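# Structural characterization, general
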Amino acid sequence: MRGHARNAVVMIAIGAAALAAPWIAPAITTQLAFLWLMILFAVTWDINGGQMGYNSFGNVFFFGIGVYVCALVQRDSGLPYYEALFAGIVLGALAAGAAALVLGPAILGIRGHYFAIATLGLSIVAADVASAWEYIGAASGMAPPVYPGAIESRTKFFYYLLFALAALTFVVVRWLYSTRFGLAINAIRDDEDKAEAMGLHTTRYKVFAWCVAALFLGAAGGPVGNLVGFIDPRDLAFAGATFGVWMVLMAVLGGKGTLWGPVIGAVVFHVTQELFWTYLLGWQRVAMGVLIVVIVVFFPSGILGWTLRSRRHAVKSLPQARTQSAS
Amino acid sequence: MSNLGVLIDAPILLLQLLVSGILVGAIFALVAYGMALVWGVMNIINIAQGEFVMLGGYVVFYLDRAGVHPVFGIPIAAAAMYVLGIALYRTVIWRIVDRDMFTAILATFGISILLQQLANQLFSADIRTVPSRLPSVQLAGGLMTVPEIKLVGFAAALAVGAVLIAFLRYTRLGRAIRATAQNARAARVLGIDTDHVYATTFAVNCAICGAAGGLVAMTWFIQPYLGLTYTLRSFMIVIVAGLGNLSGVILAGAGLGVVEEAAGFILGSEYQTAFIFLLLIVILVARNAMLARQRRYLK
């Protein structure tokens, strides 16, 4: 019960800090909005990657669908700004979810590293098609309509939108992990064939998990496209070499397969990345490559896995000392 | 798609695409064979494969600018990449040899981003090409033109491949590499220094890629971001051919070359890369369906 109370306090504290942040530090509101996006990225990636054992390099595909669908609705629907934006977000989420539903059964049948590389291909195909397709602006991209309010309120508006989405994602995912679904995808990660032999309809669970991730990624696409103000097919929407890899990295850095790991990983990673941008301008992407190698090679179990292990060591050594003194 | 009509009206073009595709396919097969070598021996899928190709191309490009003819530039590029391979093995790769495949993929992905961004910083993002100074040859009574450089590249790729086979089959170190691929533990018991074998294997792969990169720079062009296409092409060729199947790799390489040339001609070059990756996904799904029928993936 005390753990519960502590959890609630932590979440309320984070929520309060998040709500107050744009007023305390208005200069970095955009970066903070991206922090929530990164948390959303890491948490949704971990549904498949960490909890289900399907390491995807292509989840950015769903994000890109969300970005483009929302921008298209805003351009072509003729609705007023806010109505078009919200319709775009909902349709973007649904389109991404539908894409996962259609592609899922075939692609999620591929296992292990073959799955990882197939999904890598998926995000690149999407980037190439988007930069050649005239209807969505091809390589010169798209610009969403201009926000009708003042400049400062525009950043704040999208900040709160992304915060709400990230918080919603976290709560839903947390709830899902506590249900039968959570057990099922963990069983798939531990031994898919045994899970199937036990009577679990594995394909159904796998596709559903991918759809959940896709829904939230698709929903996040719209606000991000509007916040940035310009949609580049390779650098924003289907940015496989940045967002696509970062998702994986943040989850690995924080601790794959845990609830809080991806959140912690996203925060640490995003802060590091912003520092790189500030102090290593021009070389920040080189530094990013070094960082990836260092994280993967030296911290494979992530920050959370590492602290849990060292705490477990401490706990283990304690009772031993006691029993010795008792005897 | 209008080019499809052109193709039907002039079937000689089909022959042109076929020849051209087979010639460039040899270069793909070379890179793929290197990937299969590392994969088979070290159980690592090297995502940085294409970046080694790109770097090899830059070595030849800068040597050519300094007045060194590509005939000498390509061996120098291979040697330079060999050294880079040893350095990478001693710093990073040896730590991931025994780890799971996903760690290896992610770590080599990191190396790939690192090399690509370094190249972008040092060599700029401009598209570079090494002038081959060779004419085109006319075939089939002037109906077909094949740039001579593609023939040279084809011959060079075959020569490098032949040297590699001879090395693996007849030298002591080559046999040690093959023994390690078959059973690393048994090889170690029999006194093979597997660490040395891994280092050599990885470096030899880098050297192959370096040589291939020189050929790529002469046949087409190089730029810092071209790596991933070569990595995924190699991956595709290897999974179609299977590990350690040389004739399969050559056939699959030629096949990919032909399909790609045809797709580039019919769909337009802006969709050519998208087509390659789509083909990759289709191959993986099809392979999975075939394996599922026999439930072979359970092993």
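Residues numbered from 1 in each chain as written. Chains lettered and ligands numbered in written order. Predicted model: local features only at pLDDT ≥ 70, side-chain atom pairs only at ≥ 80, totals over all residues.

### Side note on helix α5 (residues 112-130) of chain A
Filter applied, for reference: Secondary structure is summarised from DSSP: a helix means a run of H or I of at least four residues, a strand means a run of E of at least two, and numbering begins at the N terminus for each. To estimate how far a helix should extend, the number of its residues minus one is multiplied by 1.5 Å. Exposure classification rests on a simple neighbour count of other C-beta atoms within 10 Å of a residue's own: a residue reaching 20 or more is buried, one at 12 or fewer is exposed, and one in between is partly exposed. C-beta atoms are placed from the backbone.
Along its 19 residues, α5 of chain A runs 28 Å from first to last C-alpha, staying within 8% of the 27 Å computed at 1.5 Å per residue. Along α5 of chain A, 17 of the 19 residues are buried, which leaves the element largely enclosed by surrounding structure.

### Some remarks on the packing of helix α3 (residues 49-65) of chain B against helix α9 (residues 194-219) of chain B
Residue and element names in this part refer to chain B. Note the following rule: Inter-axis angles, ranging from 0 to 180 degrees, are taken between N-to-C directions of lines fitted to C-alpha atoms, where helices are fitted over the stretch in contact. The scheme is simple: roughly parallel for angles under 35 degrees, roughly antiparallel for over 145, roughly perpendicular for 65 to 115, oblique for anything else. The handedness criterion is simple: a crossing whose near helix is rotated anticlockwise from the far helix by less than a right angle is left-handed, and one whose near helix is rotated clockwise is right-handed. Contact between residues is assigned whenever the C-beta positions, reconstructed from backbone atoms, fall within 7 Å. Here the term charged refers only to Asp, Glu, Lys and Arg, the term nonpolar to Ala, Val, Leu, Ile, Met, Phe, Trp, Tyr, Cys and Pro, and the term polar to all other amino acids, Gly among them.
Interhelical geometry of α3 versus α9 gives an angle of 60° and a closest axis separation of 6 Å. Between α3 and α9, the interaxial angle falls into the category oblique. As α3 runs across α9, the sense of the crossing is right-handed. Of the residues in α9, those in contact with Q49, F52, V53, M54, L55, G56, G57, V59, V60 and F61 of α3 are C206, C209, G210, A211, A212, G213, G214, V216 and A217. Of the residues belonging to the contact of α3 with α9, the class tally is 13 nonpolar, six polar and no charged.

### Some words on the interface of chain B and chain A
If you look at the interface, chain B gives 35 residues, while chain A gives 35 residues. It is helix α5 (residues 101-123) of chain B that contributes the most residues to the side of chain B that touches chain A, 14 residues altogether. Taken together, the residues of the side of chain B that touches chain A sort by class into 27 nonpolar, six polar and two charged.

### Thoughts on the environment of P22 of chain A
Residue and element names in this part refer to chain A. Here P22 lies in helix α1 (residues 2-24). Classification of P22 as buried rests on a count of 22 C-beta atoms within 10 Å. Sequence separation of P22 and T272 is 250 residues, and the distance between their C-alpha atoms is 20 Å.

### Some details on the confidence of the model for chain B
How we decide: As a per-residue quantity, pLDDT reports the predictor's confidence and falls between 0 and 100.
Here chain B averages 85 in pLDDT, and 91% of its residues register 70 or above. Taken together, the chains of this predicted complex give a pTM of 0.86 and an interface ipTM of 0.81.

### Things to note about unusual backbone geometry
Residues and elements named next belong to chain B. Of note, the phi angle at N43 is positive, near 60°, even though the residue is not glycine. Structurally, the position occupied by N43 is in the loop between α2 (11-42) and α3. A tally of 16 C-beta atoms within 10 Å means that N43 is categorised as partly exposed. With a phi angle near 65°, S124 is a residue other than glycine that sits in the positive phi range. When the 11 C-beta atoms within 10 Å are taken as the criterion, S124 is described as exposed.

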